[in-house]
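# Summary of the model geometry
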Amino acid sequence: MTSARIAILQAQSGIDPAANAERLVAAVEQAAAGGAAMLFTPEMSGMLDRDRERALERARTESEDEVLAAVRAAAARARMWVHLGSLALRGEAGKLANRGFVIDDTGEIRARYDKIHLFDVDLPTGESWRESAMYAAGSKAVVVPETPVGTLGLTICYDLRFPGLFERLSEAGADVIAVPAAFTVPTGQAHWSVLLRARAIEAEAYVVAAAQAGRHEDGRTTYGHSLVAGPWGEVLFELGDAPQLAFAEIELQRIGEVRARIPVLKHRRAIARIDKASAAP
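Residues numbered from 1 in each chain as written. Predicted model: local features only at pLDDT ≥ 70, side-chain atom pairs only at ≥ 80, totals over all residues. Heavy atoms only, no water.

## A look at empty space enclosed by the protein
In plain terms, the rule: A pocket, in this scheme, is an open set of points on a 1 Å grid over the protein atoms alone with protein on both sides within 12 Å along at least 5 of 7 lines, while a cavity is a set where a 1.4 Å probe fits but cannot get out; residues line either one if an atom lies within 4 Å of a point. Grid points are joined across faces, edges and corners, and a volume is the space filled by probe spheres set on the points. Comment: elements are numbered from the N terminus, with helices defined as DSSP H or I runs of at least four residues and strands as E runs of at least two.
Evaluated as defined, the whole model comprises 1 cavity of 30 Å³ or more. In this structure, the largest cavity occupies an estimated 90 Å³ of space. Lining the largest cavity we find Pro 17, Gly 46, Met 47, Arg 58, Ala 59, Arg 60, Asp 65, Glu 66, Val 67, Leu 87 and Ala 88. For the lining of the largest cavity, the secondary-structure elements that each account for two or more residues are α3 (66-78) and β3 (81-90).

Shown next as structure tokens:
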């Protein structure tokens, strides 16, 4: 395998899981018709809702989730892999899990990843987010071998700001790293593209970032600008701020070419803990 055609869904998910499931199934069908071997969807593809009580009421466990079941069935019918960026799933202690899935072309779940870094910030615009109030953090990095895009590393949104995670994924052999997201507009305008390109350059891997976009039913506005970056940091494409489906070609031989040119992964060294300098003799 030297190349793979992928589809990237830029979505505007709402608060109704059933309606979101219909749109995801349609995206699977459209991606398959366009010749894609794998579809990538954004964070919170099944429900995007900042209302804690309403989200908890509508969330289901993994085994009961209608969005996951619908996408698995659609993937099997289309004979296409899907990276379902993430779903809000009922977890333990009254909290949800922000969980992504890799689904193969028979509809089987090949991998799960729970978002490790939770978005607890106060922005200068007045926006305040406390993801940890509703979601439990994950603890394990995940790579998925033998997908249509080689070995796939999994992250979600705010994980993008933590290069140590991407370092672990690249060391584990990731050829492509997925970054499904629902970025805010202020942080997206300032940091989205540069961070994605930086992570691709550091890992010498493709980065595929499917994003939420536009004004949502829960009142928030997300940045959009879904993007695919190559291992040299080049941008294959970047979308705007409207929902749409786009396609890209992942040229897997490019990864080896870039890693041979500048063998960063081979040159990495463990950095010892820093001792603060002292003026004392």
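## Section: the environment of Glu 234
Rules: Should any heavy atoms of two residues lie within 4.5 Å, those residues are counted as being in contact. Pairs of N or O atoms are called polar contacts if they sit within 3.5 Å, as long as, within protein, a hydrogen donor faces a hydrogen acceptor (for residues adjacent in sequence, only side-chain-to-side-chain pairs).
In this structure, Glu 234 sits in the loop between β15 (227-229) and β16 (235-238). Setting aside residues no more than four positions away along its own chain, Glu 234 makes contact with Val 228, Ala 229 and Arg 254. At 3.1 Å, the side chain of Glu 234 forms a polar contact with the side chain of Arg 254.

## With respect to the layout of surface pockets
The test is simple: Throughout, the ten residues Ala, Val, Leu, Ile, Met, Phe, Trp, Tyr, Cys and Pro are labelled nonpolar, Asp, Glu, Lys and Arg are labelled charged, and all others, Gly among them, are labelled polar.
Taken as a whole, the second largest pocket encloses approximately 180 Å³ of empty space. Elements represented by at least two residues in the lining of the second largest pocket include exactly β1 (3-10) and α1 (17-33). For the lining of the second largest pocket, the element with the most residues is α1, which contributes 6 residues. In terms of residue class, the lining of the second largest pocket is built from 7 nonpolar, 6 polar and 1 charged.

## Description of helix α5 (residues 185-203)
Filter applied, for reference: Residue count minus one, scaled by 1.5 Å, sets the expected span of a helix. Here the bend at each residue means the angle between axes fitted to two seven-residue stretches, the one ending at that residue and the one beginning there. The cut-offs for exposure are 20% and 50% of the maximum accessible area for each residue type, with area from a 1.4 Å probe on protein chains only; residues under the lower value are buried, those over the upper are exposed, and the others partly exposed.
Relative to the 27 Å expected for 19 residues at 1.5 Å per residue, α5 spans 26 Å between its end C-alpha atoms, a close match to the ideal helical length. The largest bend in α5 is about 50°, located at His 191. Those residues of α5 lying buried are Thr 187, Gly 188, Trp 192, Leu 195, Leu 196, Arg 199, Ala 200 and Ala 203. Just downstream of α5 lies Glu 204, where phi reads positive at about 50°.

## Things to note about the pattern of salt bridges
For side chains bearing opposite charge, pairing can occur when the charged atoms are close. Inclusion rule: We define a salt bridge as a contact between a side-chain nitrogen of Lys or Arg and a carboxyl oxygen of Asp or Glu at a distance within 4 Å.
Applying the stated criterion across every chain, the model contains 16 salt bridges. A salt bridge links Glu 249 to Arg 5, with the nearest nitrogen and oxygen atoms 3.1 Å apart. Of this pair, Glu 249 sits in strand β17 (residues 244-251) while Arg 5 sits in strand β1, and the two are 244 residues apart along the sequence. Judged by relative accessible area, Glu 249 falls into the partly exposed class, the value being 32%. The salt bridge partner of Arg 199 is Glu 202, with a shortest N-O separation of 2.8 Å. Taken together, the residues span about one helical turn, with Arg 199 and Glu 202 both in helix α5 at a distance of 3 residues. We classify Arg 199 as buried; its relative accessible area is 6%.

Read these as layout, nothing more, since geometry by itself doesn't imply function.
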